[in-house]
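Residue-level listing of the chains:
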Amino acid sequence: AVAKQLNDVIIEKRKIIDERTANLPEEGRTTLYMANPDMNTYGAGKYTGVIMEQAGGLNVARGAKGYGKVTMEQVLSWNPAIIIVQDRYAEVADQIRQDPAWKTVKAVADDKIFITPEYVKPWGHPVPESVALGELWMAKILHPDLFQDIDINSEAQKFYKAFYRTDYVAK
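Residues numbered from 1 in each chain as written. Predicted model: local features only at pLDDT ≥ 70, side-chain atom pairs only at ≥ 80, totals over all residues. Heavy atoms only, no water.

1. A look at unusual backbone geometry
The bulk of non-glycine residues show a negative phi, and the bulk of peptide bonds are trans.
Argument step 1. The backbone phi angle of Asp38 is positive, close to 60 degrees, even though this residue is not glycine.
Argument step 2. Tracing the chain through its elements places Asp38 in the loop between strand S1 (30-35) and strand S2 (40-42).
Argument step 3. For Asp38, a relative accessible area of 60% corresponds to the exposed category.
Argument step 4. Here the phi dihedral of Arg165 falls at roughly 55 degrees; this positive angle occurs in a residue that is not glycine.
Argument step 5. With respect to the helices and strands, Arg165 occurs in the segment after helix H7 (152-164).
Argument step 6. In this structure Arg165 comes out as exposed when scored by relative accessible area, which is 58%. (Helix = DSSP H or I, 4+ residues; strand = E, 2+ residues; numbered from the N terminus. Buried < 20%, exposed > 50% of the residue type's maximum accessible area, 1.4 Å probe, protein only.)

Here it is as structure tokens:
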């Protein structure tokens, strides 16, 4: 019964995102880059890319395969509108903000660097939290106008209460 309930929640959240982003043309999708330590990122074939696409975004590194290192020149040419950093690598966001090489990147110039909330769990794995909460969180970051009615922290609390029988408490 709980497994079906979890599946239903995941399908419900995906449906919300699908309905609101379905008509976005490729050029209407927000470009984003997932920053990891040492200039590593996620390209095609990783769940992180699925999250980006599902949320209505366009992974600037989609031409790369898997997880790997990119160059500053590539990032500059991609010029992402948003940079996402996993909470476990939060220091990368500060490094990017302080490094003069990044200052002309649109996401940095516009102060659009976001750290994923811890409650979405391992960002690169399709665990229930990533699917039900992570995709919704990213959709709201990418298209706040389409998701202004969604309170992601409230969604996280409901999810944790329903499936872990506890409140989500930030670490």
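The structure having been displayed, the exposition proceeds.
2. Focus: the packing of aromatic side chains
Argument step 1. Following the criterion strictly, the structure yields seven aromatic pairs and no others.
Argument step 2. Consider the rings of Tyr33 and Trp102, whose centres lie 6.1 Å apart with planes at 45 degrees: the pair is tilted. With Tyr33 in strand S1 and Trp102 in the loop between helix H4 (91-98) and helix H5 (106-109), this pair connects stretches of sequence that are 69 residues apart. Pair check on accessibility: Tyr33 and Trp102 agree, each one buried.
Argument step 3. Taking the centre distance of 5.0 Å and the plane angle of 55 degrees together, the rings of Phe159 and Phe163 count as tilted. Pair noted here: Phe159 and Phe163 are both in helix H7, with a separation of four residues, about one helical turn. For the pair formed by Phe159 and Phe163, the shared burial category is buried.
Argument step 4. Each member of the aromatic cluster is reached from another via a ring pair, and the members are Phe159, Tyr160, Phe163 and Tyr164. (Phe/Tyr/Trp six-rings, centres within 6.5 Å; stacked < 30°, edge-to-face > 60°.)

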